[in-house]
Amino acid sequence: MPSPTAPDCVASAITIHHRAEDAAVQQLCVRPGATVTVVLPPRPGGWPPPHSSSPMLATVTGTAGDPDGTVRVTVRAARTGAAMVTWRTQGAELFTLRLEVAAYQNP
């Protein structure tokens, strides 16, 4: 993950496609106000609702499912800090998005 002062932190919107063969944890640096759309592939039994470790920092603003079972979840970075958005069932973590929300740099 880029350092919180790195200029390549996402400032607007980004879409992340998680596939079954991907690592169970993904990290991303974003700026306050950025939105992250997480696209999750169909899975037997569907995806559980996401849980934010800090809803005041990383707010789940929308969840939509496609007829094929693909799920799209939108997360908004509200303020600086670190948060995790996790999908888990019965104690097993299926996928975790670690967000570092970095302040904008002064010119």
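About the criteria used
- Residues numbered from 1 in each chain as written.
- Predicted model: local features only at pLDDT ≥ 70, side-chain atom pairs only at ≥ 80, totals over all residues.
- Heavy atoms only, no water.
- Helix = DSSP H or I, 4+ residues; strand = E, 2+ residues; numbered from the N terminus.
- Rg over C-alpha atoms; globule rule 2.2 N^0.38 Å.
- Disulfide = S-S within 2.5 Å.
- Pairing = 2+ DSSP bridges.
- Axes fitted to C-alpha atoms, helices over the stretch in contact; angles between N-to-C directions.
- Phe/Tyr/Trp six-rings, centres within 6.5 Å; stacked < 30°, edge-to-face > 60°.
- Lys NZ or Arg CZ within 6 Å of the ring centre and 35° of its normal.
- Core = buried A, V, L, I, M, F, W, Y, C linked by side-chain atoms within 4.5 Å.
- Buried < 20%, exposed > 50% of the residue type's maximum accessible area, 1.4 Å probe, protein only.
- Salt bridge = Lys/Arg side-chain N within 4 Å of Asp/Glu carboxyl O.

Peer 1: Would you mind going over the overall build of the protein with me for this structure?
Peer 2: Helix and strand counts for the protein come out as 0 helices and 8 strands. The N-to-C order of helical and strand elements in the protein reads β-β-β-β-β-β-β-β. Taking 107 residues into account, the globule formula puts the C-alpha radius of gyration at 13 Å, and the protein, at 14 Å, falls close to it. Overall size of the protein, expressed as C-alpha extent along the three principal axes, is 50 × 25 × 25 Å.

Peer 1: Sorry, what's going on with the state of the cysteines here?
Peer 2: Note on terminology: disulfide describes a covalent bond linking the sulfur atoms of two cysteines. A full pass over the atoms with the stated rule returns 1 disulfide. Each sulfur of the disulfide joining Cys 9 and Cys 29 lies 1.9 Å from the other. Disulfide Cys 9 to Cys 29: torsion about the S-S bond roughly 75°, handedness right-handed. In this pair, Cys 9 sits in the segment before β1 (13–17) while Cys 29 sits in strand β2 (residues 25–30), placing the two residues 20 residues apart along the sequence.

Peer 1: Could you clarify how one ought to interpret the sheet that holds strand β3 (residues 35–40) in this entry?
Peer 2: Strand pairing in a sheet relies on backbone hydrogen bonds. The paired strands run either parallel or antiparallel. Strand order across the open sheet formed by 4 strands is β1-β3-β6-β5, with mixed pairing between neighbours. The open sheet has two edge strands, β1 and β5 (58–65), and neither has a second partner. Strand after strand, the sheet turns through a mean of 20° between neighbouring axes, direction not considered. Sheet topology note: the β5/strand β6 (residues 71–77) ladder contains 7 bridges and is antiparallel. Pairing of Thr 63 across the sheet is with Val 73, part of β6.

Peer 1: When you look at the packing of aromatic side chains in this model, what are you seeing that I'm missing?
Peer 2: Between two aromatic rings, the relevant description is the distance of the centres plus the angle of the planes. Within the structure shown, the criterion is met by 1 aromatic pair. Above the plane of the ring of Tyr 104 lies Arg 31, whose end atom (NZ or CZ) is 5.9 Å from the centre. Arg 43 extends its terminal NZ or CZ atom over the ring of Trp 47, reaching a point 5.5 Å from the ring centre.

Peer 1: Even after reading the chapter, I still don't get the nonpolar core, so can you show me in this structure?
Peer 2: Most often, soluble globular proteins keep nonpolar side chains buried together rather than apart. By size, the foremost hydrophobic cluster in this structure holds 22 residues, and its most contacted members are Leu 28, Val 30, Val 36, Trp 87, Leu 97 and Leu 99. Of all the secondary structure elements, the ones that give two or more residues to this core are β2, β3, β6, β7 (81–89) and β8 (92–101).

Peer 1: Can you help me understand the pattern of salt bridges in this one?
Peer 2: Oppositely charged side chains can pair when the atoms bearing their charge come close. Taken as a whole and assessed by the stated rule, the structure comprises 4 salt bridges. Note that Glu 93 and Arg 88 form a salt bridge whose closest N and O atoms lie 3.4 Å from each other. Residue classification places Glu 93 among the partly exposed positions, given a relative accessible area of 48%. With relative accessibility at 38%, the residue Arg 88 sits in the partly exposed group. When salt bridges with common partners are traced through the structure, they connect Arg 19, Glu 21 and Asp 22 into a single cluster.

Peer 1: Hey, could you run me through the environment of Glu 21 in this one?
Peer 2: In this fold, Glu 21 is placed in the loop between β1 and β2. Considered as a pair, Glu 21 and Ala 34 are 13 residues apart in the sequence and their alpha carbons are 26 Å apart.

What is shown is where atoms sit, not what they do.
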